[in-house]
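A structural walkthrough
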Amino acid sequence: MLLIDGREVAKQTKAELARECARFKDKYRRAPQLAVVQVGEDPASQIYLKNKEKSAAEVGMQSLRFHLDKENSQEELDSLITRLNTDAEINGILVQLPMPKQFSVEAVLNAMNPFKDSDGFHPENLGLLLSGRPRVKPCTPFGVMKMLEHYKISVSGKTAVVVGRSNIVGKPMAQLLMAADATVINCHSKTKDLKEFTRQGDIVVVAAGRPEFFDSSYFKSDAFVFDVGMHHVNGKATGDVNFKSCEDKVAGLSPVPGGVGQMTVAMLLKNTLDLALYQENHRLL
Ligand code: NAP
């Protein structure tokens, strides 16, 4: 079985980004800058943010953290985003999710300049993706596409099954696979006989948010399986796939940890650099 190693692909992607960031610095006399907005104190988010900031530093990108607490208002968050939108030094903005429930994700995304949307979640960017003219691709699905490319797993003409239809993972994943000429089946919680569909997949991306839900009976033996799920069970990181059950029963599998999550961070940095270049080339600010 091929172990689809997110750490290795992310390492290579970041090395390439470091070279591109160095060229950016030479040309524009400054590093690309990512604004990281944290709202509240979600403990998992703290870890993800530290990872993102560490990775940004590794490739020579500057990250600046802005922190609001749960006593702040939506208006204060919106006005921070507006300020970052017009700050010529800031190239990309990331608002770490989840936020405390009194804050609206939709309002934040609507307030954000779509040309600074490092995550690729802005409705305009999702619309461009849907119309086949992507500007910024959502990081996690973009990371899966990069892994497919790295391991030369052909997509064109293959049957790809995506489990999950969220705006940030499932839907853009299905879209990117379709754009790469796969025949795509998109499953969700109302899908009847889920297994009947997943077992058709040459490529299966699972993003259901169900810890170790998928055992080997969900996949055919020549499937390449990408596990997007991210959970902590009894203090241990795990995915949507029961790794032990599937190990050596499929053609390829991405582990958790060390799989798709590594790529999400790398693609966030790639998006930020691409936005920085776009802004410089189009003098958008
Ligand atoms: P989400 O918004 O909760 O969406 C989950 C999707 O899975 C929904 O579309 C849901 O269907 C579907 N689903 C739930 N249970 C199902 C079942 N039993 N059978 C079939 N479909 C089912 O979650 P998300 O934000 O997309 O994230 C999914 C997972 O990926 C989570 O574990 C999250 O932590 C992880 N994640 C990881 C990364 C990374 O970098 N590795 C990034 C983002 C998210 P309905 O639409 O019908 O409700």
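My aim in this report is to walk through the structure given alongside it, one point at a time. The numbering scheme is per chain: residues are counted from 1 as the chain's sequence reads. The predicted nature of this model means local features are confined to residues of pLDDT at least 70 and side-chain atom pairs, given and counted, to a pLDDT of 80 or more, with totals for whole chains, interfaces and linings taken over all residues. Excluded from the side-chain calculation are hydrogens and water; included are all heavy atoms of the structure.

What to know about the layout of surface pockets
One way to see where empty space is left: roll a probe the size of a water molecule over the atoms. Put simply, the test is: A cavity here means a set of 1 Å grid points, computed over protein atoms only, where a 1.4 Å probe fits but cannot escape. A pocket is an open set with protein on both sides within 12 Å along at least 5 of 7 lines, and lining residues have an atom within 4 Å of a point. Grid points are joined across faces, edges and corners, and a volume is the space filled by probe spheres set on the points. Elements are defined by DSSP. Helices are runs of H or I of four residues or more, strands are runs of E of two residues or more, and each kind is numbered from the N terminus. Charged residues are taken to be Asp, Glu, Lys and Arg, nonpolar residues to be Ala, Val, Leu, Ile, Met, Phe, Trp, Tyr, Cys and Pro, and polar residues to be all remaining types, Gly included.
In this structure, the largest pocket spans a volume of roughly 1200 Å³. Lining the largest pocket are 46 residues, and of these Tyr 48, Thr 140, Met 230, Gly 261 and Thr 264 sit closest to its centre. Broken down by secondary-structure element, the contributors of at least two residues to the lining of the largest pocket are helix 1 (6-28), helix 2 (43-59), strand 4 (92-95), helix 6 (139-150), strand 9 (231-233) and helix 10 (260-282). With eight residues, the single largest contributor to the lining of the largest pocket is helix 2. Its residues assigned to classes, the lining of the largest pocket comprises 22 nonpolar, 14 polar and 10 charged.

Some points on empty space enclosed by the protein
Taken as a whole and judged by the stated rule, the model has one cavity of 30 Å³ or more. Taken as a whole, the largest cavity encloses approximately 80 Å³ of empty space. Considering the residues around the largest cavity, the lining is formed by Ile 93, Leu 94, Val 95, Leu 97, Met 99, Val 105, Val 108, Leu 109, Met 112, Asp 117, Asp 119 and Phe 121. For the lining of the largest cavity, the residue count by class is 10 nonpolar, no polar and two charged.

Focus: the environment of Ser 221
Operational definition: Note on exposure labels: buried denotes an accessible area under 20% of the residue type's maximum, exposed denotes more than 50%, and partly exposed covers the range between, all computed with a 1.4 Å probe on protein chains only. Contacts: residue pairs with any heavy atoms within 4.5 Å of one another.
Residue position: Ser 221 is located in the loop between strand 7 (203-206) and strand 8 (224-227). For Ser 221, a relative accessible area of 57% translates into the label exposed. Measuring from C-alpha to C-alpha, the distance between Ser 221 and Asp 248 comes to 8.6 Å, with 27 residues separating the pair along the chain. Aside from chain neighbours lying at most four places away, what touches Ser 221 is Lys 249, Val 250 and Ala 251.

Let's talk about the side chain of Thr 191
Stated formally: By the criterion applied in these results, polar contacts are pairs of N or O atoms within 3.5 Å in which, for protein atoms, one can donate a hydrogen and the other can accept it, and in which residues neighboring in sequence qualify only through two side-chain atoms.
Mapped onto the fold, Thr 191 is located in the loop between strand 6 (183-187) and helix 8 (194-198). At 2.8 Å, the side chain of Thr 191 and the backbone nitrogen of His 188 are in polar contact.

Observations regarding the side chain of Arg 30
Tracing the backbone through its elements, the reader meets Arg 30 in the loop between helix 1 and strand 2 (33-39). At 3.4 Å, the side chain of Arg 30 forms a polar contact with the backbone oxygen of Glu 89. Reaching out from Arg 30, the side chain makes a polar contact with the side chain of Glu 280 at a distance of 3.1 Å. If near-sequence neighbours (up to four positions away) are discounted, Arg 30 is found in contact with Phe 24, Lys 25, Ala 88, Glu 89, Asn 91 and Glu 280.

Observations regarding the nonpolar core
Proteins that are soluble and globular tend to have nonpolar side chains buried together. Going by this rule: Each nonpolar core is a collection of buried residues, namely Ala, Val, Leu, Ile, Met, Phe, Trp, Tyr and Cys, held together in the definition by side-chain atoms within 4.5 Å.
If you look at the biggest cluster of nonpolar residues, it comprises 34 residues, and the most contacted ones within it are Leu 148, Leu 177, Ile 203, Val 205 and Phe 226. For this core, the secondary-structure elements that each account for two or more residues are helix 1, strand 2, helix 6, strand 5 (159-163), helix 7 (170-179), strand 7 and helix 10. Top element by residues in this core is helix 6. It accounts for six residues. Residue contacts for Val 205: discarding those within four places in its chain leaves Val 144, Val 161, Val 162, Val 163, Met 173, Leu 177, Phe 226 and Val 228.

Scope: geometric values only; no functional claims are made or implied.
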